[in-house]
Amino acid sequence: MLEQEKIIEHLDAVFRDMESRLNGRAGSHLHTLHKASFEALRSTHFPDRKHEDWRYTPVQRLISPKYKLAEKKQQYNIAEIPELDAFKIPVINGHVILDGVDAALKSAGVIIRPLQEVMQISSPENISSRWLHTVMTTSNQAFELLNFAFHSGGVVIEIPKNLSLSKPIEIQIIHDDPDISFSHPLYFIHAAEGSNVTVIERFEKNSTSPDATANGLINALAFIHLEKNAGVKHIRWQDLPETQSLVYKLAVAQSRDSRFESFAFDFGGDMIRNNIDVELDESNTYTSLQAGYLAKRRQSFDHQTRINHKMPHCESHELYKGIIDEQASGAFNGKVFVHPDAQKTNAYQQNDTLVLSSNALMNSKPQLEIYADDVKCSHGATIGQLDEKSLFYLKARGIDPQTARHILKAAFLAEVLDNAPVEPLRNYIRSRMALDA
Amino acid sequence: MKPLIKITDLHVSIDGKPILNGLNLTVNKGEVHAIMGPNGSGKSTLANVLAGREEYTIESGTVEYEGEDLLSMDIDKRALAGIFLAFQYPVEIPGVSNSNFLKSIINAKRKYQGLPELNALEMLKFIRAKLNAIEMDESLLKRSLNDGFSGGEKKRNEILQMTLLEPKLAILDETDSGLDIDALRIVAEGVNQLRSPERSFIVVTHYQRLLNHIIPDFVHVLSNGKILATGDRTLAEKLEVEGYDWIKESNTVTA
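What you see is a predicted model, and the numbers here were worked out from it, not measured in a lab.

Asks: What is the right way to look at the overall build of chain A in this model?
Replies: Within chain A, the secondary structure is distributed over nine helices and 21 strands. Taken against the 2.2 N^0.38 rule, which gives 22 Å for 437 residues, the C-alpha radius of gyration of chain A at 21 Å falls within 12% of a compact globule. For chain A, with 437 residues in total, the buried portion stands at 49%. In chain A, the share of contacts with a sequence separation of at least 24, taken over all contacts with a separation of at least 6, comes to 83%.

Asks: Even after reading the chapter, I still don't get the overall build of chain B, so can you show me in this structure?
Replies: Tallying secondary structure elements over chain B gives 10 helices and 13 strands in all. Relative to the globule expectation of 18 Å for 255 residues, the C-alpha radius of gyration of chain B, 18 Å, shows essentially globular dimensions. The dimensions of chain B, computed from C-alpha atoms along their principal axes, are 60 × 40 × 40 Å. Partitioning the intrachain contacts of chain B with sequence separation of at least 6 by distance along the chain shows that 72% fall at a separation of at least 24.

Asks: Explanation requested: the packing of helix H2 (residues 29-43) of chain A against helix H6 (residues 142-150) of chain A in the structure shown.
Replies: Helix-helix packing: each pair is described by the crossing angle between the helix axes and the interaxial distance. Residue and element names in this part refer to chain A. Remark: H2 packs on H6, axes separated minimally by 7 Å, with the N-to-C direction vectors making an angle of 150°. Considering their axes alone, H2 and H6 lie roughly antiparallel with respect to each other. Where H2 crosses over H6, the handedness of that crossing is left-handed. Between H2 and H6, the contacting residues are Leu33, His34, Ser37, Phe38, Ala40 and Leu41 on the first element and Ala142, Leu145, Leu146, Phe148 and Ala149 on the second. Looking at the contact of H2 with H6 residue by residue, the classes come out as nine nonpolar, two polar and no charged.

Asks: I would appreciate a short explanation of the interface of chain B and chain A in the present structure.
Replies: Buried accessible area, meaning the area lost when the parts come together, often serves as the stated size of an interface. Counting from both sides, the interface comprises 20 residues of chain B and, opposite them, 16 residues of chain A. Looking at the side of chain B that touches chain A element by element, the count peaks at five residues for helix H3 (residues 98-112) of chain B. Class assignment for the residues of the side of chain B that touches chain A results in 13 nonpolar, four polar and three charged.

Asks: Just to check I follow, could you spell out the sheet that holds strand S19 (residues 346-355) of chain A for this structure?
Replies: What links the strands of a sheet is backbone hydrogen bonding, and the strands pair in either a parallel or an antiparallel sense. Residues and elements named next belong to chain A. With respect to topology, 10 strands assemble into an open sheet ordered S3-S2-S6-S9-S11-S13-S15-S17-S19-S21, the strand pairing being mixed. Both edges of this open sheet fall to strand S3 (95-96) and strand S21 (376-384), since each of them pairs with a single strand only. Where strand S13 (residues 259-266) lies against strand S15 (residues 286-295), eight bridges are found, and the strand directions are parallel. Opposite Phe265, over in S15, you have Gly292 as the bridge partner. Running at roughly 155° to strand S17 (residues 315-324), helix H8 (residues 401-419) makes contact with S13, S15, S17 and S19 of the sheet.

Asks: Please clarify how the confidence of the model for chain B should be interpreted in this entry.
Replies: The predicted coordinates ought not to be read in detail in places where the model reports low pLDDT. All names here are of chain B. Mean pLDDT over chain B works out to 91, with 97% of the residues at or above the 70 mark. Across chain B, the secondary-structure element scoring lowest on mean pLDDT is strand S13 (residues 253-254), at 48, and the one scoring highest is strand S6 (residues 83-86), at 98. Two summary scores accompany this predicted model of the complex, namely pTM at 0.90 and ipTM at 0.95.

Asks: How should the domain arrangement of chain A be read in this particular structure?
Replies: Residues and elements named next belong to chain A. The domain architecture assigned to chain A consists of domain 1 (67-385) and domain 2 (386-437). For domain 1 versus domain 2, the separation of C-alpha centres amounts to 26 Å. Only strand S9 (196-203), strand S11 (231-238), S13, S15 and S17 provide two or more residues apiece to the side of domain 1 that touches domain 2. For the side of domain 1 that touches domain 2, the leading source of residues is S15, giving four residues. Tallied by class, residues from the side of domain 1 that touches domain 2 come to 16 nonpolar, four polar and four charged.

Asks: Just to check I follow, could you spell out helix H9 (residues 423-434) of chain A for this structure?
Replies: Along an α-helix, residues three or four apart share an orientation, since each turn contains 3.6 residues. Residue and element names in this part refer to chain A. The end-to-end C-alpha distance of H9 is 17 Å, a good match for the 16 Å that 12 residues give at a rise of 1.5 Å each. Within the sequence span of H9, burial applies to Leu425, Tyr428 and Ile429. The arc enclosing the buried residues of H9, seen along the axis, measures out at 95°, which places them on a common side. For H9, exposure combined with an orientation more than 90 degrees from the buried face picks out Glu423, Ser431 and Ala434. On its buried side, H9 packs onto S9, S11, S13 and H8.

Asks: Honestly, the nonpolar core in this entry has me stumped. Any pointers?
Replies: Buried together is how nonpolar side chains tend to be arranged in soluble globular proteins. Judged by nonpolar contacts, the single largest core of 197 residues is most densely connected at Ile169(A), Ile200(A), Phe84(B), Ala86(B), Ile171(B) and Val203(B). The leading source of residues in this core is H8(A), at 10 residues. Counting residues domain by domain, this core receives three or more from each of domain 1 (67-385) and domain 2 (386-437) of chain A. Those residues in contact with Ile171(B) that sit more than four places away from it in its chain are Ala47(B), Leu50(B), Ala51(B), Phe84(B), Leu85(B), Ala86(B) and Ile202(B).

Asks: How do you make sense of H3(B) when you look at a structure like this?
Replies: Residue and element names in this part refer to chain B. The terminal C-alpha atoms of H3, which comprises 15 residues, lie 21 Å apart, in line with the 21 Å expected from a rise of 1.5 Å per residue. Among all positions of H3, only Asn98, Phe101, Leu102, Lys103, Ile105, Ile106, Ala108 and Lys109 are buried. On its buried side, H3 packs onto helix H2 (75-80), strand S7 (93-97), helix H4 (120-133), helix H5 (139-142), strand S8 (144-145) and helix H6 (151-165). In the segment just after H3, Gly114 is the residue with positive phi, at about 75°.

Asks: For this particular structure, what's the right way to read unusual backbone geometry?
Replies: Phi at Asn229(A) takes a positive value of approximately 60°, unusual for a residue other than glycine. In this structure, Asn224(B) is a non-glycine residue whose phi angle is positive, near 50°. Among the secondary structure elements, Asn224(B) is positioned in the loop between strand S11 (218-223) and strand S12 (226-231). Judged by the 16 C-beta atoms lying within 10 Å of it, Asn224(B) is partly exposed.

Asks: Explain the environment of Gln343(A) to me, please; I cannot follow it from the model alone.
Replies: All names here are of chain A. Tracing the sequence through the fold places Gln343 in the loop between strand S18 (329-338) and S19. Between the C-alpha atoms of Gln343 and Ser107, which are 236 residues apart in sequence, the distance is 43 Å. When near neighbours in sequence (up to four residues on either side) are disregarded, Gln343 contacts Pro312, Ala372, Asp374 and Val375.

Asks: Explain the sheet that holds strand S1 (residues 5-14) of chain B here, please?
Replies: All names here are of chain B. The strand order across the open sheet formed by four strands is S2-S1-S4-S5, and the pairing between neighbours is antiparallel. A single partner strand is all that each edge strand has here, and the edge strands are strand S2 (17-27) and strand S5 (68-69). Each of S1, S2 and strand S4 (57-65) is contacted by helix H1 (residues 43-51), which is oriented at about 70° to S2, the strand it contacts most.

Asks: Whenever I open this one, the environment of Lys238(B) confuses me. Can you help?
Replies: All names here are of chain B. On the secondary structure map, Lys238 appears in helix H9 (residues 233-242). Judged by the 18 C-beta atoms lying within 10 Å of it, Lys238 is partly exposed. Residues Lys238 and Ile58, 180 residues apart in the sequence, show an inter-C-alpha distance of 33 Å.

Asks: How should I be thinking about the pairing of strand S6 (residues 169-174) of chain A in this particular structure?
Replies: Strand residues, when the strand is regular, have side chains that alternate between the two faces of the sheet. Residues and elements named next belong to chain A. Judged by how many residues are buried, S6 sits mostly within the fold: six of six residues are covered. Because side chains alternate across S6, one face comprises the buried residues Ile169, Ile171 and Ile173, and the other comprises Glu170, Gln172 and Ile174, equally buried. Where strand S2 (residues 87-92) lies against S6, six bridges are found, and the strand directions are parallel. By the bridge assignment for S6, Phe87 is matched with Ile169.

Thresholds applied
- Residues numbered from 1 in each chain as written.
- Chains lettered and ligands numbered in written order.
- Predicted model: local features only at pLDDT ≥ 70, side-chain atom pairs only at ≥ 80, totals over all residues.
- Helix = DSSP H or I, 4+ residues; strand = E, 2+ residues; numbered from the N terminus.
- Rg over C-alpha atoms; globule rule 2.2 N^0.38 Å.
- Buried ≥ 20, exposed ≤ 12 C-beta atoms within 10 Å, placed from the backbone.
- Contact = placed C-beta atoms within 7 Å.
- Axes fitted to C-alpha atoms, helices over the stretch in contact; angles between N-to-C directions.
- Parallel < 35°, antiparallel > 145°, perpendicular 65-115°, else oblique.
- Left-handed = near helix turned anticlockwise from the far one by under 90°.
- Nonpolar A, V, L, I, M, F, W, Y, C, P; charged D, E, K, R; others polar.
- Pairing = 2+ DSSP bridges.
- pLDDT = per-residue confidence, 0-100.
- Domains from an automatic or database assignment.
- Expected span 1.5 Å × (residues − 1).
- Arc of directions from axis to C-beta.
- Core = buried A, V, L, I, M, F, W, Y, C linked by C-beta atoms within 7 Å.

Structure (structure tokens):
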């Protein structure tokens with residue numbers, strides 16, 4: 001059982017410590033929101049296993065009553081992805097390092113502003129500002145509120161109307177503190193009408209720091225808002241040290257004729273909780289969510305997706321493929337809601353898993369809730385092992401058993417990886433997979 | 001001369017059902033042996049047991065390969081030691097590119113031989129040279145291993161692998177099944193190009209027609225898990241005309 005009171009008491013102390021260091025900024029608009037979010041968190045319990053969506057994630061392993069806020073840090077070094085030319089945005093211990101943001105991004109026309117600056121724009125015409133206020137004042141999810149209460153100033157990335165960005169944006173997220181700590185990255189991406197952008201989120205360790213493997217939790221929140229006819233490709237790559245956990249939430253809102261494709265690859269970390277919520281607010285949208293993951297040791301990977309089809313003629317696809325080995329566990333809980341107005345919806349959901357050890361565990365639950373009558377929807381799940389005939393074929397050609405197994409594991413995940421954009425990143429992930437043979 | 005492989009009184013079963021019942025076969029270097037026989041006689045079992053397929057149970061008997069106990073060798077070690085099975089039904093593996101697979105098997109063998117791995121360019125050159133010999137389209141390299149290949153393309157891909165690995169003992173398991181006459185000719189030519197005094201073949205087939213292209217030194221007739229007759233290529237021709245019934249009725253024949 002989770003000791004809610006003990007945790008809230010601890011968080012209260014962390015919050016007061018944070019306030020004491022605000023140094024004159026205590027009255028800022030942002031801090032007002034911090035306080036409101038913390039008050040909301042007090043009355044919102046952290047979920048436990050009785051909560052259907054949290055049955056397979058032991059929250060007590062995620063939220064320790066020992067966490068302090070990870071300190072701000074300017075020194076970082078994240079290994080370059082060979083041949084990847086991208087606009088970099090570093091996020092260290094939850095702090096967006098604005099000085100480290102690629103200057104070329106600005107000259108390409110992208111507007112990057114601190115969250116507090118955007119939130120102070122009171123004009124109702126400013127979509128980002130209006131949207132931020134709505135999001136931050138209506139959430140009732142404990143981990144979201146935790147982020148809103150403790151984040152150290154997020155960033156708003158605005159892709160102007162009709163701009164097609166030539167290179168991907170690479171958001172580099174690291175958690176690096178000598179103490180047991182948590183950090184709360186927060187970013188909003190606003191793709192204006194007709195714009196196109198590829199966003200890479202890299203969760204990796206600080207390759208030069210001795211503290212890079214300290215215990216910690218990254219509680220990240222990402223928001224992507226697609227205006228009319230915008231296109232966003234999103235790839236999240238996670239290879240954290242095995243001492244760190246990640247609670248990740250991506251909320252997507254799509255306007256008419258927009259296209260959103262998301263790919264998630266999880267290899268590292270301890271407990272990984274992924275939530276993707278997609279709101280299809282208007283018609284004729286396209287959404288694709290795909291993931292490939294390999295869980296070993298005692299890792300726990302939990303994927304939760306929710307796609308809300310509210311309007312007609314929207315199409316959504318989900319393909320989640322995972323390998324669960326050793327004592328690891330995995331969960332997939334995919335929900336697709338088709339509302340009464342969402343006629344001509346086309347929704348497809350698939351979760352395939354290889355469970356490679358008798359101590360490994362997978363829980364798969366694809367769900368459709370359909371309230372319209374003229375729709376095309378399907379869902380499915382498979383659980384299996386490596387194919388013995390294929391293993392024999394490879395070994396009969398002189399390939400040793402361990403390599404043969406690795407080839408088949410990589411082949412299983414290749415379906416998702418081959419679909420992902422940005423070739424240098426695909427190659428990087430492939431070579432990382434090779435180390436896991 | 002010491003035989004390349006010597007099978008002595010081999011008894012094999014699957015799920016408790018006996019398949020091979022005291023099979024004896026000796027193959028010397030450079031020889032081509034055809035194994036013929038009706039369906040269910042144990043031809044494919046013999047081929048698969050030699051390659052190391054795990055579903056079979058060895059009840060008794062021995063197999064000596066280059067003087068070593070073959071039955072105690074791991075599957076991959078048998079391949080590295082020079083045994084190649086051309087599969088009757090090559091496995092489709094989506095997600096593994098054919099070219100990467102070929103690179104892996106070539107480098108696995110080179111590593112075993114203590115040779116340096118080939119780089120990408122050397123590899124491509126090496127594979128291309130062999131492709132032409134069996135009239136195989138280079139586009140098949142980019143596709144997933146055997147995935148969606150036609151029957152003929154799969155068998156050609158088997159022969160390509162055999163050509164690349166240069167085995168000491170090649171076992172062809174009904175390589176002719178499902179092939180049209182042109183594909184059969186190309187596959188047979190691929191095999192004939194590899195014939196050498198240093199290389200032996202066991203050609204398992206149901207029909208005589210493959211043996212018009214690959215001329216065997218010996219023809220064995222397998223029935224009920226035993227070799228009942230051994231002869232030269234004329235035995236195959238006799239089987240084509242008279243069928244298998246005459247052998248079943250008589251006892252062991254040496255033609």
